[in-house]
Amino acid sequence: MSVVDLATRHVIDTIPVGKRPWGIALSPDAHRLYTADGRSNQVSVIDTDTRQVVATIPVGDRPNDLLYVP
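Residues numbered from 1 in each chain as written. Predicted model: local features only at pLDDT ≥ 70, side-chain atom pairs only at ≥ 80, totals over all residues. Heavy atoms only, no water.

Engineer: Describe the overall build of the protein, with residues and values.
Structural biologist: When you go through the protein residue by residue, the secondary structure sums to zero helices and six strands. The order of helices and strands in the protein, counted from the N terminus, is β-β-β-β-β-β. Its C-alpha atoms give the protein a radius of gyration of 12 Å, near enough to 11 Å, the size a compact globule of 70 residues would have. Taken along the three principal axes of its C-alpha coordinates, the protein extends 35 × 25 × 20 Å. Looking at the protein as a whole, 27% of its 70 residues qualify as buried. (Helix = DSSP H or I, 4+ residues; strand = E, 2+ residues; numbered from the N terminus. Rg over C-alpha atoms; globule rule 2.2 N^0.38 Å. Buried < 20%, exposed > 50% of the residue type's maximum accessible area, 1.4 Å probe, protein only.)

Written as structure tokens, this is what we have:
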């Protein structure tokens, strides 16, 4: 996952997640970002403050989208 500075349009950080993150969802408080890692059969959970993966959740074959429901 790339972090882009929208003012400069440059990548300022890269967060390693699973293979082919197809879908993403942001929590309402913007503290967690979730990626559906299609080729890794998992969802990665990113702490947006630290820019670190804090969890991976195994899911079924080839997840390609996410829906965040609090």
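What follows continues from the structure just given.
Engineer: Which residues make up the layout of surface pockets, and what are the values?
Structural biologist: As a volume, the largest pocket reaches approximately 150 Å³. Along the walls of the largest pocket sit M1, S2, V3, V4, I15, L33, I46, D47, T48 and R51, which together make up its complete lining. Of all the secondary structure elements, the ones that give two or more residues to the lining of the largest pocket are strand 1 (2–5) and strand 5 (42–47). Here the lining of the largest pocket gets three residues from one element, more than from any other, and that element is strand 1. Here the residues of the lining of the largest pocket sort into six nonpolar, two polar and two charged. (1 Å grid on protein atoms, 1.4 Å probe; cavity = no way out; pocket = protein on both sides within 12 Å on 5 of 7 lines; lining within 4 Å. Points joined across faces, edges and corners; volume = space filled by probe spheres on them. Nonpolar A, V, L, I, M, F, W, Y, C, P; charged D, E, K, R; others polar.)

Engineer: Could you give an account of the pattern of salt bridges, with specific residues and numbers?
Structural biologist: Within the structure shown, the criterion is met by two salt bridges. In this structure, the salt-bridge partner of R51 is D13, at a minimum N-O distance of 3.6 Å. In this pair, R51 sits in the loop between strand 5 and strand 6 (52–58) while D13 sits in strand 2 (residues 10–14), placing the two residues 38 residues apart along the sequence. D47 is paired through a salt bridge with R32; the nearest N and O atoms lie 3.1 Å apart. Within this pair, whereas D47 is found in strand 5, its partner R32 is found in strand 4 (residues 32–37), the two being separated by 15 residues in sequence. For R32, a relative accessible area of 29% translates into the label partly exposed. (Salt bridge = Lys/Arg side-chain N within 4 Å of Asp/Glu carboxyl O.)

Engineer: Explain a nonpolar patch on the surface to me, using residue names and the numbers behind them.
Structural biologist: There is a patch of nonpolar side chains on the surface, built from V4, L6 and V11 and spanning about 310 Å² of accessible area. When you line up the elements, V11 lands in strand 2. (Patch = residues over 30% accessible without salt bridge, like charges linked within 9 Å, V, L, I, M, F, W, Y side chains within 5 Å. Areas by Shrake-Rupley, 256 points an atom, 1.4 Å probe, with all protein chains shown as cover.)

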